[in-house]
Amino acid sequence: MRSAKLYQYQLPMDSGVILRNQRLVTRDGWIVEMKDGDKTGYGEIAPLPEFSLESSEEAGQQAQALLADWVSGKALCLSDALPSVAFGLSMAEMELMGMLPDEGNYQVAPLCSGDPDELVVALNQMPGEKIAKIKVGLYEAVRDGMVANMFIEAIPGLRLRLDANRQWTPLKARQFAKYVAPAHRAQIAFLEEPCQTQEESLAFAHETGIDIAWDETVRDPGFEVKAEPGVAAIIIKPTLVGSVQKCLSLIEQAHAVGLTAVISSSLESSLGLNQLARLAAWQTPDVIPGLDTMQLFQMQLEVAWPGCELPVTPLNACPVAWHQ
Ligand SMILES: O=C(O)CCC(=O)C1=CC=C[C@@H](O)[C@@H]1C(=O)O
Ligand SMILES: [Mg+2]
């Protein structure tokens, strides 16, 4: 006997969260609950404004239609589903079938998009491998270069992940690199998407010796995982990519050609973020995932993120928008 529910959630964000051109005041999405006999699975469907192509309403409607079919006894068919819907439903089904291991990798790469001093404190407290992610491309490229160089000099053994979100012209990318001493460049694990085109980004890697990673490019039509000089990693944001099966295939292809695969957040609630930590521990056990995004919220949902003190709102406090 199958049944399904869609809870609608809205969580307040920290005041300064800006996504591309938009301030994100609340995070809005759906939590799907799938039951089959005595087994239950949960998944999160939360299109990310400015990044997802679908709206939350569209995702909710499609999820209802797919769930109604599943409740009537059909297999879940996600081949044409919107990425956020495919991710949430496939995750719920995997959990229901007991296929997602419980253990998570909660050791995240601290994310710095504002005050560098806060990052120094976080890094000094970090046990084991020190790795951090800094947003670049928001201010002057020269300033970004100086900040990166300063961190590398200040924290021995630090591995930096940088993310320019395609904000630099080739000239700006060069200005950045000029301020990172050549001897320090190998400590940049990778720089995500320096320039607007793949060609410009590859040329930047070639000229500077700084490895790059594909994030936005992974979602571009026709993207193929391949080893290229200067490319170190692919970033996989399941909410934007699609089903867990699609993510597993990308991870497998990346590993086959010697690329690092990094599971990263699309600002899911603590419920979805915990599942991403479990996916990361299972599929990319040796890589620190990019999941340091709870700090951008004012509230957690149902499952607390380890070490996070924010209040947790239970799922049953969220309205059930649909059930069958
Ligand atoms: O990848 C990480 O370490 C954290 C997630 C992260 O940086 C992002 C998530 C979602 C949208 C963006 O703001 C940003 C990114 O561009 O990668
Ligand atoms: Mg990125």
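As the structure is a computational prediction, the values presented were derived from the model and not from experiment. (Residues numbered from 1 in each chain as written. Chains lettered and ligands numbered in written order. Predicted model: local features only at pLDDT ≥ 70, side-chain atom pairs only at ≥ 80, totals over all residues. Heavy atoms only, no water.)

## What to know about the UniProt feature "domain: Mandelate racemase/muconate lactonizing enzyme C-terminal" (unreviewed entry) in the chain
The condition is simple: UniProt positions are given in the numbering used here, feature names are shortened, and annotations may be inferred rather than shown by experiment. Working definition: helices are DSSP H or I runs of at least four residues, strands are E runs of at least two. Numbering for both runs from the N terminus.
The sites that UniProt annotates as "domain: Mandelate racemase/muconate lactonizing enzyme C-terminal" (unreviewed entry) are residues 116–211. Overall, residues 116–211 shows 46% helix and 16% strand. The separation of its end C-alpha atoms is 22 Å.

## As for the coordination of the magnesium ion (ligand 2)
Condition: Ligating atoms shown are N, O and S within 2.8 Å of the metal, or 3.2 Å for Na, K and Ca, and water is not included, meaning a site may look less than complete. Three labels apply to residues, based on accessible area from a 1.4 Å probe with only protein chains included: buried if under 20% of the type maximum, exposed if over 50%, partly exposed otherwise in between.
Binding of the magnesium ion (ligand 2) to the protein goes through Asp 163 (OD), Glu 192 (OE) and Asp 215 (OD), at separations of 2.1 to 2.2 Å. Going along the chain, you hit the donors of the magnesium ion (ligand 2) in the pattern D-x28-E-x22-D. Here Glu 192, found in strand β9 (residues 188–192), pairs with Asp 215, found in the loop between β10 (212–214) and β11 (231–236); they are 23 residues apart in sequence, far enough to count as distant. Given the relative accessible area of 2%, Asp 215 is considered buried.

## Let's talk about the domain arrangement of the chain
When the parts of a complex come together, some accessible area is lost, and that lost area is often used as the size of the interface. Short version of the rule: Where each domain begins and ends is defined by an automated method or by a domain database. In this description, contact between two residues means that some pair of their heavy atoms is separated by no more than 4.5 Å. Throughout, buried area stands for the accessible area (probe radius 1.4 Å) lost by two parts on being put together, summed over both.
Domains assigned within the chain are domain 1 (2–101 + 310–323) and domain 2 (111–296). The C-alpha-based centres of domain 1 and domain 2 are spaced at 26 Å. Tallying the contact residues gives 30 residues for domain 1 and 25 residues for domain 2. Roughly 2200 Å² of surface becomes buried between domain 1 and domain 2 when both sides are summed, with 66% attributable to carbon and sulfur atoms. When the buried area of domain 1 at its contact with domain 2 is split by residue, Glu 44, Phe 87 and Pro 101 rank highest and sum to 24% of it.

## So, the pairing of strand β8 (residues 159–163)
Basically, it comes down to this: Pairing between two strands requires that DSSP report at least two bridges joining them. Looking down the strands as they point away from you, a crossover is right-handed if its path from the first strand over the helix to the second goes clockwise.
Of all 5 residues in β8, 4 are buried; the element is thus mostly enclosed. Taken together, the 5 bridges between strand β7 (residues 131–135) and β8 define a ladder with parallel strand orientation. Residue Lys 135 lies in a different strand from β8, and its bridge partner there is Asp 163. At this point the chain moves from β7, through helix α4 (residues 141–154), to the parallel β8, and the crossover so formed is right-handed. Of the strand pairs in this sheet, β8 and β9 are connected by 4 bridges, and their pairing is parallel.

## A few points about the environment of Ala 46
With respect to the helices and strands, the residue Ala 46 is situated in the loop between β5 (39–45) and α1 (56–71). Separated by 37 residues in the primary sequence, Ala 46 and Tyr 9 have C-alpha atoms spaced 9.3 Å apart. Ignoring sequence-local partners within four residues, the contact set of Ala 46 consists of Tyr 9, Arg 27, Asp 28, Gly 29, Ser 84 and Thr 239.

## Topic: the layout of surface pockets
Using the following cut-off: A pocket here means an open set of points on a 1 Å grid, computed over the protein atoms alone, that has protein on both sides within 12 Å along at least five of seven lines. A cavity is instead a set of points where a 1.4 Å probe fits but cannot get out; residues with an atom within 4 Å of a point line either one. Grid points are joined across faces, edges and corners, and a volume is the space filled by probe spheres set on the points. Gly is put with the polar residues, along with every residue not named as nonpolar or charged; the nonpolar set is Ala, Val, Leu, Ile, Met, Phe, Trp, Tyr, Cys and Pro, and the charged set is Asp, Glu, Lys and Arg.
The calculated volume of the second largest pocket comes to roughly 500 Å³. Contributing to the lining of the second largest pocket are 22 residues, with Glu 216, Val 218, Arg 219, Asp 220 and Leu 240 lying nearest its centre. Element by element, the count of residues in the lining of the second largest pocket is highest for helix α8 (residues 244–256), at 4 residues. Taken together, the residues that form the lining of the second largest pocket break down as 9 nonpolar, 4 polar and 9 charged. A domain-level breakdown of the lining of the second largest pocket finds at least three residues from each of domain 1 (2–101 + 310–323) and domain 2 (111–296).

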